[in-house]
Every structure is written in structure tokens, then in C-alpha cells.
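What follows is the residue order along each chain.
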Amino acid sequence: MTPTITLKPGKEKPLLAHHPWIFSGAIARADDAHDGDTVDVRDAAGRFIARGYYNSRSQIAVRLWTWNDEPIDSAFFRKRIVNAIDLRQSLIETDATNAYRIVNAESDFLPGLIMDRYSDFVVLQFLTLGVEQRKNEIVELVQEILEPEGIYERSDVDVREKEGLQSVVGSLRGAEPTELIEIQENDSRLLVDVRRGHKTGFYLDQRENRKRVAKDLTGFIGSVGAAKPVRSPEILNVFSYSGGFSVYACAANETARVINLDASGDALTLARENMRLNGCDERGEFVDGDAFLVLRKYRDMGKSFDAIILDPPKFVHAQSQLHSGLRGYKDINLLAFKLCKPGGILATFSCSGQVSAELFQKVVFEAATDAKRDAQIIAKLSQSPDHPILLSFPESEYLKGIICHVVA
Ligand code: SAH
């Protein structure tokens, strides 16, 4: 018998609207279904709703592949991967940018699978048992369709624990990636450590925002050719990681100076190398420390900056952390507003999915109020389009940013 999940009455509603998850509480019966199996999902009356994969260990017990009665085989995966590649080809100028997300899991109808391109290498993340069990098939297809120099696995993510899986990192096919892979992103060259770096090596989701922030910096604090350029504007890149925003900012303004602030020494080493690669390391400073403490110290010293970029790690991992997470966002934004010169720019981000864009804006507003600053929103930002947001899956929207012109 086909492994089948039968839903409790009424629980099919979100699925009919193509939400791709079924929580364990919505399930009435699991017949012949083993963890990792492809399962048919039926409503309480026995009608076919969708097909997905099952894991009894996870609260998200089923993730859906399709709403059609079609086989989940190699041809299915090929079609989904090719569709995802086609979308990127229309979204990304691949001459100018050779690093981007090819498959964004649920948002590309391949739940649990992340596929990123870094120049000639492909990095994969298998987040769930359902995709873990199809790893060979997927790797085979990636090899055949993309013919990369190498395929590397970075399945070292916390969510795997909830699926009953351990971390796995290593080469899957072809050449081992070099210690650092050089990528081209818009006009910048950047080094990426796909073996040990954050995520699959780089924050690809911020690509368009790096460009946008740099553009606004040139408009507001002067740049090459600007009517009244601010001489040597001081930029503070808080949570800089490998210096992506810094490299862009220095390219946009040839007199800009940037402090990269991060709690990771490795990230700062890479930030320095990235600035060197783009000929601007002499305009960079590299501060290893806790942003909350360093920003307080700068405040006490009476320091101020022409522009501040604030791109913290995820503060809210679960609903239970919402309160403390919001306090963290408020605190860091309050300090940033205090440190920003009148006429300056604050580009502030949150990558916590649990914090809506509306809520984030409210926190930034409260921070400005407490800092006694007036600010105008000049841009609202989201994740780069190679991390599409599936309309039927609002959970896929996680990154939001606000660029503020700090008036006074
Ligand atoms: N803006 C970066 C990505 C930032 S990711 C980019 O565009 O690539 C968040 C960074 O915050 C990580 O590099 C992490 O090392 C750093 N970090 C985490 N907690 C920190 C803290 N308390 N103080 C300073 N840096 C911190």
C-alpha cells in the first residue's frame, strides 16, 4: 500500500492554498509510512491533497513536494532544479555575479534543499531526512546539469537535529574547493570560505542590499564626483562578517574609511583580505569585539559616524525568544542612532523570520525615539531575489532592512 497520511477534519485548508508544511498535530493517521518516505496526503474523507515526505520525529511531519498526482522521481527533481536555474538566469546578471542561491528550499518547491553557486563550485545543504535520503540522486543531477568543478556539502545546521540527523560536511563530487574561493559579486571580488564560513560560506541574501546601501551612501555622504563630498566619511560596519558591505562602500566612495566590527577573528581576517583584494584595506579598521559593548564604548567616548550598517545574526530562533530578541534589536539600534551624525545614514537589518517587517520597523522607531533622533526611511529592503519568497509560504520571508536618513 502507498504510504499515506490522513489529515484530521478541516486540516487540509492551508494545504489547499499550497502551504508546504503539515504539523504533526494535523495528522489523524499514518499508514505504512516510515520516516523519510514519500507519502500521499489525504483529507479526512480520503481525497488526495498532495504528495510529500514524512518524518515522525519532526514537528513538521510532512513537507510537500507537489499537489499533483505525479511520481517523485529523478525526472521530477530534474524539472524542479532546472526551473530554479532558469529563474536565476533571468534574475542574475551571471557575467557580473557568479555566486548566488540556485535552490531556496520550499520557495523553489524543493523543501529542505539549499543549493548555492560559488564560481565553479556548488554547495549543498540537506536540511531534512526527506532530502538526505535522496542525496545521491540530487548530487547526480547537479553534476549532470551544472557540471561544476566540485560539489561540497555543508549540512552542518541545527535544524538537522530536529530531524534526527547529524552534521555532515565534506566533498561530494569532483574537486575539493580551495581554502578560499574567489567570487565576483556585482563589481566586487570577494573571497569565500565554503568549508568553514557561515551558512554555505557567504551571506548571498544581502547582495542587492550591499549594492543599495553603497548607492545611498554615495548620495548622502558624498562620493567621487558628488557636488559636496564629505571628506573621508567614517563608516561603521557592525557585524561585518567578511566585509561585504565595507568593500562595496569603499568602492562607492574613494575617500571612505570603514571600521569592520565583528566578534569573530576569522571573519575579520577574511574582511581584511577582501578589502585588500579590492584595493581598499588601507581604509579599513578591524575591531574584534562584542558589538553591544564596543558600541557602548564608542558612545561613552563621544564617537560618531557618517554611516552605520547594522546586520546582526538572528536574535530570534523561536517564538519563545521574541521578547529578548526584540530587546536586542532595540538596544543595538538605539546605540547606532546615538552614534550616527546628523545627515548620516543608518542601514539596519533583521534576519529573524519571527520578527515581521512591521514589528522591526516599530522597534527601530522606538530606538530612534529613545535616542532622541529624527529619521526618515529612504528604503525598505528584503532578501535578494535568488532567495524568493513563496507567496503561499510567508515563513520564507525572513530578511528585512531599513535605510534611515538620520536627520537630526
Ligand atoms: N553583514 C554581513 C553578515 C553578518 S552575519 C555580510 O553582509 O556578509 C552576522 C555577524 O555577526 C557574524 O559575522 C558574527 O560573527 C557576528 N556576531 C555575532 N554576534 C556578535 C556580537 N555580539 N558582536 C559582534 N559580532 C557578532
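This text goes with the structure placed above it.
Figured I'd write up the structure that's included with this text. These numbers come from a predicted model, not from an experiment.

What counts and how
- Residues numbered from 1 in each chain as written.
- Predicted model: local features only at pLDDT ≥ 70, side-chain atom pairs only at ≥ 80, totals over all residues.
- Heavy atoms only, no water.
- Helix = DSSP H or I, 4+ residues; strand = E, 2+ residues; numbered from the N terminus.
- Rg over C-alpha atoms; globule rule 2.2 N^0.38 Å.
- Buried < 20%, exposed > 50% of the residue type's maximum accessible area, 1.4 Å probe, protein only.
- Contact = heavy atoms within 4.5 Å.
- Lys, Arg positive; Asp, Glu negative; His and termini not counted.
- Charge placed at Lys NZ, Arg CZ, Asp CG, Glu CD.
- Pairing = 2+ DSSP bridges.
- Axes fitted to C-alpha atoms, helices over the stretch in contact; angles between N-to-C directions.
- Near = heavy atom within 4 Å.
- Polar contact = N/O pair within 3.5 Å; in protein donor to acceptor, adjacent residues only side chain to side chain.
- Areas by Shrake-Rupley, 256 points an atom, 1.4 Å probe, with all protein chains shown as cover.
- 1 Å grid on protein atoms, 1.4 Å probe; cavity = no way out; pocket = protein on both sides within 12 Å on 5 of 7 lines; lining within 4 Å.
- Points joined across faces, edges and corners; volume = space filled by probe spheres on them.
- Nonpolar A, V, L, I, M, F, W, Y, C, P; charged D, E, K, R; others polar.

1. Let's talk about the overall build of the protein
Working step 1: The number of helices and strands found in the protein is eleven helices and 20 strands.
Working step 2: Taken against the 2.2 N^0.38 rule, which gives 22 Å for 408 residues, the C-alpha radius of gyration of the protein at 23 Å falls within 12% of a compact globule.
Working step 3: If you line up the protein on its principal axes, its C-alpha atoms span 75 × 45 × 35 Å.
Working step 4: Put simply, the protein has 408 residues, and 55% of those count as buried.
Working step 5: Taking contacts inside the protein between residues at least 6 apart in sequence as the whole, the part at least 24 apart equals 64%.
Working step 6: Taking the 50 positively charged and 58 negatively charged side chains of the protein as two groups, their mean positions are separated by 6 Å.

2. Notes on the sheet that holds strand S7 (residues 99–104)
Working step 1: If you trace the five strands from one edge of the open sheet to the other, you get S7-S8-S9-S10-S11, paired in mixed fashion. For this open sheet the edge positions go to S7 and strand S11 (168–174), each flanked by a neighbour on one side alone. Strand-to-strand, the axes of this sheet are offset by a mean angle of 20 degrees, without reference to chain direction.
Working step 2: Bridge analysis of S7 against strand S8 (residues 113–118) gives five bridges, and the strand direction is antiparallel. Bridge pairing links valine 103 to methionine 115 in S8.
Working step 3: Strands S7 and S8 of the sheet are contacted by helix H2 (residues 74–91), whose axis makes an angle of about 145 degrees with S7.

3. Focus on the site of the ligand
Working step 1: In the region of the ligand, 15 residues are neighbours, and Arg210, Asp262, Ala263, Ala291 and Asp311 sit closest.
Working step 2: For the ligand, a nitrogen atom lies 3.0 Å from a polar atom in the backbone of alanine 263.
Working step 3: A distance of 2.8 Å separates a nitrogen atom of the ligand from a polar atom in the backbone of alanine 291.
Working step 4: In isolation the ligand exposes 580 Å². Once the protein is present, 89% of that is buried.

4. Section: the sheet that holds strand S16 (residues 284–288)
Working step 1: Spatial strand order, S16-S15-S14-S17-S18-S20-S19: seven strands in an open sheet with mixed pairing. Only two strands of the sheet have a single neighbouring strand rather than two, namely S16 and strand S19 (375–382). The average angle at which neighbouring strand axes cross in this sheet is 15 degrees, direction not considered.
Working step 2: Alignment of S19 against strand S20 (residues 400–406), held across seven bridges, turns out to be antiparallel.

5. Here we look at the layout of surface pockets
Working step 1: Space inside the second largest pocket adds up to approximately 290 Å³.
Working step 2: Residue lining of the second largest pocket: 13 residues in total, with Leu180, Asp193, Asp266, Ala267 and Leu270 positioned closest to the centre.
Working step 3: The residue makeup of the lining of the second largest pocket, split by class, is four nonpolar, four polar and five charged.

6. Digging into unusual backbone geometry
Working step 1: The phi torsion at asparagine 186 lies on the positive side, around 50 degrees, for a residue other than glycine.
Working step 2: Among the structural elements, asparagine 186 can be located in the loop between strand S12 (181–185) and strand S13 (188–192).
Working step 3: For tyrosine 241, which is not glycine, the phi dihedral falls at a positive 50 degrees.
Working step 4: Its location among the elements puts tyrosine 241 in the loop between strand S14 (234–238) and helix H7 (244–252).
Working step 5: Looking at tyrosine 241, the relative accessible area reads 8%, which means it is buried.

Remember, this is a structural readout, not a statement about activity or role.
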